[in-house]
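What follows is the residue order along each chain.
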Amino acid sequence: MTVSQEIQTIIKQHRIILTALRTPKLRERFRELLAQQDTGEKQPPVTQTSLDKPFQQIEWLNTSGSESQEILGHHIDILNTLLGENSIMYTSPISDLPVDWEERKALVRSICKRVFATPIANRDWLTEPEYNARLSMLVTDAVTLRRYSIDMGIVTRSDRGEKYWLAQ
């Protein structure tokens, strides 16, 4: 399994947990599973019942004892890495933009804020090659995203196109 696939699997498992916590019946069953896991039984607490179906996909919940603690600890490490400063190194570039205009604009704004977050030589603008290079780390089509950022009014550029900065 590649790092990217492992990350996607871990995120999927934790989405299942968050979704279960929103549903009273599943929330109660999750509480029971956690309580059973704490008893130290050798048998994993998840059963083949339909109520347990979502929980069958949660790796650490389907193991017992110290093994589940190790798996959960690994998941926490991965999630902390994804939320840290170097998260960009563990994700694939964005290749598809949302169809909905507002969602697209929100994503472009988020990307641009990230691109301009770390200044170069204490200046708040980037040259076109610097801007393209930074966009290329986040998206597969930097030119299209650069155009969207300007057309949407998120980024401003100088008349000759040599400097780019976040619009106020």
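Up top is the structure these notes are about.
Residues numbered from 1 in each chain as written. Predicted model: local features only at pLDDT ≥ 70, side-chain atom pairs only at ≥ 80, totals over all residues. Heavy atoms only, no water.

(A) Region of interest: the nonpolar core. Counting residues in each nonpolar core, the largest one holds 16 residues, and the members touching the most others are I111, V115, F116, Y131, L135, V139 and V155. Counting residues per element, the ones that place at least two in this core are α4 (101-115), α5 (128-138) and α6 (142-151). By residue number, the principal contributor to this core is α4, which donates four residues. Not counting chain neighbours up to four residues away, the residues in contact with V115 comprise L126, Y131, R134, L135 and L138. Counting 12 residues, the second-largest nonpolar core is a separate cluster that includes L26, F30, W60 and L61. (Core = buried A, V, L, I, M, F, W, Y, C linked by side-chain atoms within 4.5 Å. Buried < 20%, exposed > 50% of the residue type's maximum accessible area, 1.4 Å probe, protein only. Helix = DSSP H or I, 4+ residues; strand = E, 2+ residues; numbered from the N terminus. Contact = heavy atoms within 4.5 Å.)

(B) The arrangement of the packing of α5 against α6 in detail. Viewed as axis vectors pointing N to C, α5 and α6 meet at an angle of 110°, and their least axial separation amounts to 9 Å. Comparing their axes, α6 and α5 come out roughly perpendicular. α5 and α6 meet at a crossing whose hand is right-handed. Counted together, E128, Y131, N132, L135 and S136 of α5 and A142, L145, R146 and S149 of α6 form the full contact between these two elements. Of the residues assigned to the contact of α5 with α6, the class counts are four nonpolar, three polar and two charged. (Axes fitted to C-alpha atoms, helices over the stretch in contact; angles between N-to-C directions. Parallel < 35°, antiparallel > 145°, perpendicular 65-115°, else oblique. Left-handed = near helix turned anticlockwise from the far one by under 90°. Nonpolar A, V, L, I, M, F, W, Y, C, P; charged D, E, K, R; others polar.)

(C) Spotlight on the packing of α4 against α5. Closest axis-to-axis distance for the α4/α5 pair is 10 Å, and the angle between their directions is 120°. The angle between the axes of α4 and α5 places the two elements in the oblique class. Viewed along their axes, α4 and α5 form a crossing whose handedness is right-handed. Along its contact with α4, which presents I111, C112, R114 and V115, the element α5 presents Y131, R134, L135 and L138.

(D) Broad picture of the sheet that holds strand β2 (residues 155-157). On the basis of which strands lie adjacent, the open sheet formed by three strands has the order β1-β3-β2 and antiparallel pairing. Where the open sheet ends on each side, the last strands, each with one partner, are β1 (126-127) and β2. Where β1 meets strand β3 (residues 163-166), two bridges bridge the pair, whose relative direction is antiparallel. Note on β3: the bridge partner recorded for L126 is Y164. (Pairing = 2+ DSSP bridges.)

(E) How the structure looks around α6. Turning to α6, its buried residues number three or more, namely A142, L145, R146 and S149. Angularly, the buried residues of α6 cover 105° about the axis, an arc narrow enough to put them on a single face. Residues of α6 that are exposed and point more than 90 degrees away from the buried face comprise R147 and D151. Phi for G153, located one or two positions after α6, is positive at around 80°. (Arc of directions from axis to C-beta.)

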